[in-house]
Amino acid sequence: MKLATRVSQVTPSITLAISAKAKAMKAEGIDVCSFSAGEPDFDTPAHIKEAAKSALDKGKTKYGPAAGEPKLREAIANKLQNDNALNYRPENIIVTNGGKHSLFNLMLALIEPGDEVIIPAPYWLSYPEMVKLAGGSPVIVSTQQEHGYKITPQQLLGAITSNTKLFVLNSPSNPTGSVYTPDEIRSLAEIIVEKNLLVVSDEIYEKILYDDARHLSIGAVGAESFDRTVVSSGFAKSYAMTGWRVGYIAAPVEVIKAMTTIQSHSTSNVCTFAQYGAIAALEGSQDCVEQMRQAFARRRQIMLQAIASISQLSSSKPQGAFYLFVDISKTGMKSLDFCNNLLLNQKVAAIPGVAFGADNCIRLSYATDLTSINKGMERLDKFVNNL
Ligand code: GLU
């Protein structure tokens, strides 16, 4: 069988592969502590589920507009206006099958062979693969731990060429948990405007912030950066809705139209009744978001303490999302070997940093219960001490 060349240019998603393996081991009765996928262990809040059930009962079971239910597009535009000071209208919004799908469709709508897309590393593993699938070239810019794993304005300037089409910004970041300060965002926005670049700002973790971290969307810096910004987000992380597959993009109308055309020939609309759950998520009480954030904050503290007590490991303190990006350099192991052996010997699932462009690290998700965290950290300690 001769497969299309594009398939050989990409690798399967390691996050999904390892979390599926951990779930399969659990189903076999093996006591696995999984810190793999970034998937909140909480159930979707009841009022969101009720809204989807009621939509089902009301016959919201048919095709809908490819860009999404008008009520949901309106609710998203309102949210972006109220939470983020982003002046979008419903026609600036497309509802997609999760945040991953929104970014994938965006790449298809914007990128063609010869186009370069600047991606700071460590990066979420699907960004470069999506760029390649669209025929473009990812330009990876390695960031430093001492700069909080954040791209500096000088680094961004240095990576721009006449072929640069897009810059991918992700704050709070998966996998590092870094959050750009409002001043840092403003400095990057200046470059975006000066160089007339387009930026896609992946803001899916914007509600999961710690200490005094603040989220500023690069699109909200000023009118000129707004025109050059595409915002990508979704419901999975803030509302524990990973399996619902509802995400969205907010962008200039011509981008939304292009993405809608693509979507109309691929997936059509997102599951209609799921969109009614998403409306309830945005329009209902936001207490659930804060309760989950507080739980993540406690877990972060406990995991940080555990890592600090293992002399061969170290982690910077994440300011957002629900991941620790743990430096394993002192063990002398490559991240894939480390994670494979950790799973085999101690039944602890973690994601190798090589998947995110940093082979000296592993990613631990703390979107899981405290019992698993405590048990898993003891096992990790044992594993490292037996190396
Ligand atoms: N975004 C989550 C993660 O990084 C879910 C898995 C995925 O879609 O890659 O773990």
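Before reading further, recall that the structure is shown in the block above.
Since we're looking at a predicted model, the values are computed, not measured.

I tried to follow unusual backbone geometry on my own but got confused; where do I start?
Both trends apply: most residues other than glycine have a negative phi, and most peptide bonds are in trans. For the peptide bond that leads from Ser171 to Pro172, omega is -10°, which places it in the cis range. Relative to the helices and strands, Pro172 is located in the loop between β5 (164–170) and α8 (182–194). Backbone torsion omega between Asn174 and Pro175 reads 25°, so that peptide bond is classified as cis. When you line up the elements, Pro175 lands in the loop between β5 and α8. Phi is positive for Ala240, close to 50°, though the residue is something other than glycine.

When you look at helix α12 (residues 287–308) in this model, what are you seeing that I'm missing?
The α-helix advances 3.6 residues per turn, and as a result positions three or four apart in sequence lie on the same side. The end-to-end C-alpha distance of α12 is 32 Å, a good match for the 32 Å that 22 residues give at a rise of 1.5 Å each. Cys288, Val289, Met292, Arg293, Ala295, Phe296, Arg299, Arg300, Met303, Leu304, Ala306 and Ile307 are the residues of α12 that are buried. Its buried side turned inward, α12 meets α3 (46–57), β9 (314–315), β10 (323–327), β13 (361–365) and α14 (370–385).

For this particular structure, what's the right way to read the packing of helix α13 (residues 335–346) against α14?
Working note: a packed helix pair is described by the angle between its axes plus the distance between those axes. The geometry of α13 relative to α14 is characterised by a closest axis approach of 10 Å and an angle of 115° between their N-to-C directions. Comparing the axis directions of α13 and α14 gives the class roughly perpendicular. Relative to α14, the crossing made by α13 is right-handed. When α13 is examined against α14, the residues Phe338, Asn341, Leu342, Asn345 and Gln346 are found in contact with a partner set consisting of Arg379, Leu380, Lys382, Phe383 and Val384. Taken together, the residues of the contact of α13 with α14 sort by class into five nonpolar, three polar and two charged.

I keep staring at the nonpolar core and nothing clicks. Help me out?
As a rule of thumb, soluble globular proteins bury nonpolar side chains together. Counting 65 residues, the largest nonpolar core has Phe235, Leu364 and Leu380 as the members making the most contacts within it. For this core, the leading source of residues is α12, giving eight residues. Residue contacts for Leu364: discarding those within four places in its chain leaves Phe35, Met303, Ile307, Phe322, Tyr323, Leu324, Val326, Ala350, Met377 and Leu380. Of all hydrophobic cores here, the second largest spans 40 residues; its members include Tyr149, Val230, Ile256 and Ala349.

Just to check I follow, could you spell out the site of the ligand for this structure?
Around the ligand, the neighbouring residues are Ser13, Thr15, Leu16, Ala37, Gly38, Lys100, Trp124, Asn174, Lys237, Tyr323 and Arg363. One of the side-chain N or O atoms of Lys237 is found 3.2 Å from a nitrogen atom in the ligand. Of the residues assigned to the shell around the ligand, the class counts are four nonpolar, four polar and three charged.

Would you explain the packing of aromatic side chains in this entry?
Aromatic ring pairs are described here by two measures, namely the spacing of the ring centres and the angle between the planes. The tally for this structure, following the rule as stated, stands at 13 aromatic pairs. For the pair Phe235 and Tyr239, a centre-to-centre distance of 6.0 Å together with 35° between the ring planes defines the contact as tilted. Here the aromatic cluster, defined as three or more aromatic residues joined through ring pairs, consists of Phe42, Tyr205, Phe296, Phe322 and Tyr323. The cationic tip of Lys150 hangs over the ring face of Tyr180; the distance from NZ or CZ to the ring centre is 5.8 Å.

I tried to follow the sheet that holds β13 on my own but got confused; where do I start?
Strands in a sheet are paired, the pairing made by backbone hydrogen bonds, and the direction either parallel or antiparallel. With antiparallel pairing, the four strands of this open sheet are ordered in space as β9-β10-β13-β12. Each edge of the sheet is formed by a strand with only one pairing partner; in this case those strands are β9 and β12 (351–352). Pairing of β12 with β13 involves two bridges; the strand directions are antiparallel. When the sheet's bridge partners are listed, Ile351 is paired in β13 with Arg363.

Rules of the game
Residues numbered from 1 in each chain as written. Predicted model: local features only at pLDDT ≥ 70, side-chain atom pairs only at ≥ 80, totals over all residues. Heavy atoms only, no water. Helix = DSSP H or I, 4+ residues; strand = E, 2+ residues; numbered from the N terminus. Expected span 1.5 Å × (residues − 1). Buried < 20%, exposed > 50% of the residue type's maximum accessible area, 1.4 Å probe, protein only. Contact = heavy atoms within 4.5 Å. Axes fitted to C-alpha atoms, helices over the stretch in contact; angles between N-to-C directions. Parallel < 35°, antiparallel > 145°, perpendicular 65-115°, else oblique. Left-handed = near helix turned anticlockwise from the far one by under 90°. Nonpolar A, V, L, I, M, F, W, Y, C, P; charged D, E, K, R; others polar. Core = buried A, V, L, I, M, F, W, Y, C linked by side-chain atoms within 4.5 Å. Near = heavy atom within 4 Å. Polar contact = N/O pair within 3.5 Å; in protein donor to acceptor, adjacent residues only side chain to side chain. Phe/Tyr/Trp six-rings, centres within 6.5 Å; stacked < 30°, edge-to-face > 60°. Lys NZ or Arg CZ within 6 Å of the ring centre and 35° of its normal. Pairing = 2+ DSSP bridges.

The analysis is restricted to geometry; functional conclusions fall outside its scope.
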